[in-house]
Amino acid sequence: MAQRVLITAGASGIGLAMARAFEAAGAEVWIADADAAALGAVSDLRGSHVDVSDEDQVAALFAAIAEIWGGLDVLCANAGTAGPTALIEDQPLDGWNACLGVTLGGAFLSAKYAAPMMKAAGAGAMIFTSSTAGQYGFPNRAPYAAAKWGVNGLMKTVAMELGPYGIRANAICPGPVEGPRMDGVIDREAAAKGVSPEAIRAGYVAGSSMRSFVTGADVAAMAVFLASPAARLVSGQIIAVDGHTENPDPKP
Ligand code: NAD
């Protein structure tokens, strides 16, 4: 039977790259996303309009999955928002709460509702999209870094609780991924520091041993591996797909 894979924030960016990679591997894919227009643009995929930080919406999503699929083999808890860019003393509480609510709260709710379904089947794989910010910290991005450290802790705990039921959990930590999200992050960081976007961009590239931005496909390939039988004893791991972070913050 084809793997049944749910991907949150699957209508664009890394999540859409995951959706396409799982499709190519023969899986059945269901994406959940808060952006109706983005969902509409990928209407060939089964999709639901869901804000992952809203428990009622997440509960309704999993009820629909139970009804239509009868179970879930793979959860890609991928949704996360960048949060405000500011020094800690300037971080607004509402921005902190909003970032934590989606990035950590959304991962929590997705795992909470996937767990009983996977436990009933005695199998499953949860893959959390974390970040290198969750390994090193991230100047000017305290809410985001704190949320991603939280995602790693959530993943470790879920792996311990669910391992005895045949369920694995892992976190992928992408380095900076090419695309509109990173362009926005770079522009905001440049404005906050009073330097050019080009200087910030060059700093991101210089931060990895491989001197490269990451692509969504790089991250998706790791997710497909982690969901596969080849990874049957890989659980509780924080795995960077970042070209090896050599210096977490070489930027001006
Ligand atoms: P993105 O900003 O391109 O957004 C992807 C999708 O997330 C969008 O379609 C958006 O509608 C959806 N989304 C936003 N809030 C949502 C919510 N509350 N509920 C459901 N969907 C929501 O993001 P991306 O760059 O593809 O990032 C995906 C994940 O990867 C995030 O967790 C992010 O933190 C992480 N990440 C990204 C990078 C990067 O450089 N882009 C690096 C490391 C980690």
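Structural data are supplied above this passage.
Residues numbered from 1 in each chain as written. Predicted model: local features only at pLDDT ≥ 70, side-chain atom pairs only at ≥ 80, totals over all residues. Heavy atoms only, no water.

1. What to know about the pattern of salt bridges
Now for step 1: The tally for this structure, following the rule as stated, stands at 9 salt bridges.
Now for step 2: In this structure, glutamate 55 engages lysine 112 in a salt bridge whose closest nitrogen and oxygen atoms are separated by 2.8 Å. Of this pair, glutamate 55 sits in helix H3 (residues 55-68) while lysine 112 sits in helix H5 (residues 105-121); the two residues are 57 residues apart in sequence, bridging distant segments of the chain.
Now for step 3: Taking the relative accessible area as the measure of exposure, lysine 112 reaches 39% and is therefore partly exposed. (Salt bridge = Lys/Arg side-chain N within 4 Å of Asp/Glu carboxyl O. Helix = DSSP H or I, 4+ residues; strand = E, 2+ residues; numbered from the N terminus. Buried < 20%, exposed > 50% of the residue type's maximum accessible area, 1.4 Å probe, protein only.)

2. Digging into helix H10 (residues 216-227)
Now for step 1: Taking 1.5 Å of rise per residue, the 12 residues of H10 would be expected to cover 16 Å, and the 17 Å separating its terminal C-alpha atoms lies within 8% of that figure.
Now for step 2: Listed as buried for H10 are Gly216, Val219, Ala220, Ala223, Leu226 and Ala227. All buried residues of H10 fall inside an arc of 120 degrees around its axis, so they share one side.
Now for step 3: Where H10 is buried, its residues meet helix H1 (13-24), strand E4 (74-77), strand E5 (124-129), strand E6 (167-174) and strand E7 (237-241). (Expected span 1.5 Å × (residues − 1). Arc of directions from axis to C-beta. Contact = heavy atoms within 4.5 Å.)

3. What about the packing of helix H4 (residues 93-103) against helix H7 (residues 142-162)?
Now for step 1: Two elements in contact, H4 and H7, have axes whose closest approach is 9 Å; the angle formed by their N-to-C orientations is 30 degrees. Considering their axes alone, H4 and H7 lie roughly parallel with respect to each other. In this structure, H4 crosses over H7, and the sense of that crossing is right-handed. Residue-level contacts link Trp96, Cys99, Leu100 and Thr103 of H4 to Ala142, Pro143, Tyr144, Ala146, Ala147, Lys148 and Val151 of H7.
Now for step 2: Its residues assigned to classes, the contact of H4 with H7 shows 9 nonpolar, 1 polar and 1 charged. (Axes fitted to C-alpha atoms, helices over the stretch in contact; angles between N-to-C directions. Parallel < 35°, antiparallel > 145°, perpendicular 65-115°, else oblique. Left-handed = near helix turned anticlockwise from the far one by under 90°. Nonpolar A, V, L, I, M, F, W, Y, C, P; charged D, E, K, R; others polar.)

4. Considering the packing of aromatic side chains
Now for step 1: What the rule picks out here adds up to 4 aromatic pairs.
Now for step 2: When the ring of tryptophan 30 is compared with that of tryptophan 69, the centres are 5.3 Å apart and the planes differ by 85 degrees; the resulting orientation is edge-to-face. In this pair, tryptophan 30 is assigned in strand E2 (residues 28-33) and tryptophan 69 in the loop between H3 and E4, connecting sequence segments 39 residues apart. Taken individually, tryptophan 30 and tryptophan 69 each receive the classification buried, so the pair is uniform in this respect.
Now for step 3: Each residue in the set Phe138, Tyr204 and Phe213 is aromatic and connected to the rest through ring pairs, giving one cluster.
Now for step 4: Sitting over the face of the ring of tryptophan 30, arginine 46 holds its NZ or CZ atom 5.2 Å from the ring centroid.
Now for step 5: The ring of phenylalanine 138 has arginine 141 lying over it, and the distance from NZ or CZ to the ring centre is 4.6 Å. (Phe/Tyr/Trp six-rings, centres within 6.5 Å; stacked < 30°, edge-to-face > 60°. Lys NZ or Arg CZ within 6 Å of the ring centre and 35° of its normal.)

5. Observations regarding the packing of H5 against H7
Now for step 1: With their axes 11 Å apart at the nearest point, H5 and H7 run at an angle of 15 degrees to one another. Looking at the two axes, H5 sits roughly parallel to H7. Helix-helix and strand crossings are classified by hand; for H5 and H7 the assignment is right-handed. The segment H5 lies against H7, with Ala107, Phe108, Ala111, Ala115 and Lys119 engaging Val151, Leu154, Val158 and Leu162.
Now for step 2: Of the residues that constitute the contact of H5 with H7, the class distribution is 8 nonpolar, no polar and 1 charged.

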